[in-house]
Amino acid sequence: ELEAAIDFPDEGVELGNHLAERVDGVVREIEGLMATYREGKLCREGVSVAIVGLPNVGKSSLFNALVGEDRAIVTSQPGTTRDVVEAQVALGGVLFRFMDTAGFRESGDEAEGEGVKRARKCMEEGDLVLVVLDRSCPLQEGDRVLVREVSGRGVVVVNKIDLPGAWSPEDLGRVMVGRPTFHVSAKRGDGLESLKKALIEMVGRGRKSEGEIPLVTNVRHYQALIGAKDALLRSLKAWQEGLSAEFVAADVKGALEALGEITGETTPEDVLDAIFSRFCIGK
Ligand SMILES: Nc1nc2c(ncn2[C@@H]2O[C@H](COP(=O)(O)OP(=O)(O)O)[C@@H](O)[C@H]2O)c(=O)[nH]1
Ligand SMILES: [Mg+2]
């Protein structure tokens, strides 16, 4: 029908509900493929774990303890880690990419340095975020802000438990409800094994079994899927708004072209065949 609409736009071929349903089905298949991309990305690049916190809480010490070598510079001078330091390490068969970041300033002043900007970006993009708190110094408002901001990807790491405590978990109050919390000493190594185990488990939980569905591993393919999905959604919208078949068909064609990026086919017929066989749209 769509092809007829493409070839003979003036004859006003009516598009039926079943065609819209098919397009909807293809959109859902595309979404399924898109979901595999994220998991594929985790396999290739590792699970990114941002280590964030105020200056001097022990982020770099924790980073070093987790990756098992002295990759980041540790000093008692706040503000040493200007840039983001990364290291990959396999734990329990899972590849992790730990990122040590600059400490967020307590004041949160306007003139945030480049290091803090990068730290913020890491915190936003990390698959997991370790918010490090120093138990030996009084809790700061900035600590609470970080725990509150970190969302569901956050893990609270209370560090320096080898020193006398200056506050207790209850002082964190409601902000830490629902945040997994670990008590460690990055310096002595206490609690690190439990933390590592928990990280591995968290990644495992997020993983779903995907059956027969192929993994999308290429960013270009992923972008093509986004393009195809957008075009199909546009075509559905055009159909819902009662626009003529021509418009609907133009968007479906756009989607096919986007998917052609994946199949590598370039001529429309080839693309149609490839897509119809691959995505079972049927003709
Ligand atoms: N006692 C003790 N000191 C620690 C611990 N972790 C870090 N430190 C010290 O805290 C200071 C700041 O550590 P660093 O890792 O550079 O903190 P960052 O600024 O958050 O990266 C250093 O003097 C560390 O030796 C810990 O678990 N126990
Ligand atoms: Mg540091």
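Everything in this summary refers to the structure shown in the same document. (Residues numbered from 1 in each chain as written. Chains lettered and ligands numbered in written order. Predicted model: local features only at pLDDT ≥ 70, side-chain atom pairs only at ≥ 80, totals over all residues. Heavy atoms only, no water.)

Describing the site of ligand 1
Around ligand 1, the surrounding shell holds 16 residues, and the nearest of these are Asn56, Lys59, Ser60, Ser61 and Asp162. In this structure, Asn159 approaches ligand 1 through a side-chain N or O atom, which is 3.1 Å from a nitrogen atom. At a separation of 3.2 Å, an oxygen atom of ligand 1 approaches a polar side-chain atom of Ser185. Within the complex, 89% of the 570 Å² of free accessible area of ligand 1 lies under protein. Broken down by element, the shell around ligand 1 gets its largest block of residues, 3 residues, from helix α3 (residues 59-67). Tallied by class, residues from the shell around ligand 1 come to 4 nonpolar, 8 polar and 4 charged. (Near = heavy atom within 4 Å. Polar contact = N/O pair within 3.5 Å; in protein donor to acceptor, adjacent residues only side chain to side chain. Areas by Shrake-Rupley, 256 points an atom, 1.4 Å probe, with all protein chains shown as cover. Helix = DSSP H or I, 4+ residues; strand = E, 2+ residues; numbered from the N terminus. Nonpolar A, V, L, I, M, F, W, Y, C, P; charged D, E, K, R; others polar.)

Regarding the pattern of salt bridges
Per the stated rule, a full pass over the model turns up 12 salt bridges. With a shortest N-O distance of 3.6 Å, Glu149 and Arg120 are connected by a salt bridge. Here Glu149, found in helix α5 (residues 141-149), pairs with Arg120, found in helix α4 (residues 114-125); they are 29 residues apart in sequence, far enough to count as distant. Overall, Glu149 belongs to the partly exposed group, its relative accessible area being 45%. (Salt bridge = Lys/Arg side-chain N within 4 Å of Asp/Glu carboxyl O. Buried < 20%, exposed > 50% of the residue type's maximum accessible area, 1.4 Å probe, protein only.)

Quick notes on the nonpolar core
Counting 51 residues, the largest nonpolar core has Leu62, Phe96, Phe98, Leu130 and Leu172 as the members making the most contacts within it. Other than its neighbours up to four places away in sequence, Phe98 contacts Val49, Ile51, Phe63, Leu66, Val67, Val85, Glu86, Ala87, Val89, Leu91 and Leu199. Grouped together as the second largest cluster of nonpolar side chains are 18 residues, Met34, Val216, Leu236 and Ala255 included. (Core = buried A, V, L, I, M, F, W, Y, C linked by side-chain atoms within 4.5 Å. Contact = heavy atoms within 4.5 Å.)

A few points about the environment of Tyr37
Inspection of the secondary structure assignment puts Tyr37 in helix α2 (residues 17-45). Among the residues examined, Tyr37 registers a relative accessible area of 10% and is labelled buried. In this structure, the C-alpha to C-alpha distance between Tyr37 and Pro214, residues 177 residues apart in sequence, is 9.6 Å.

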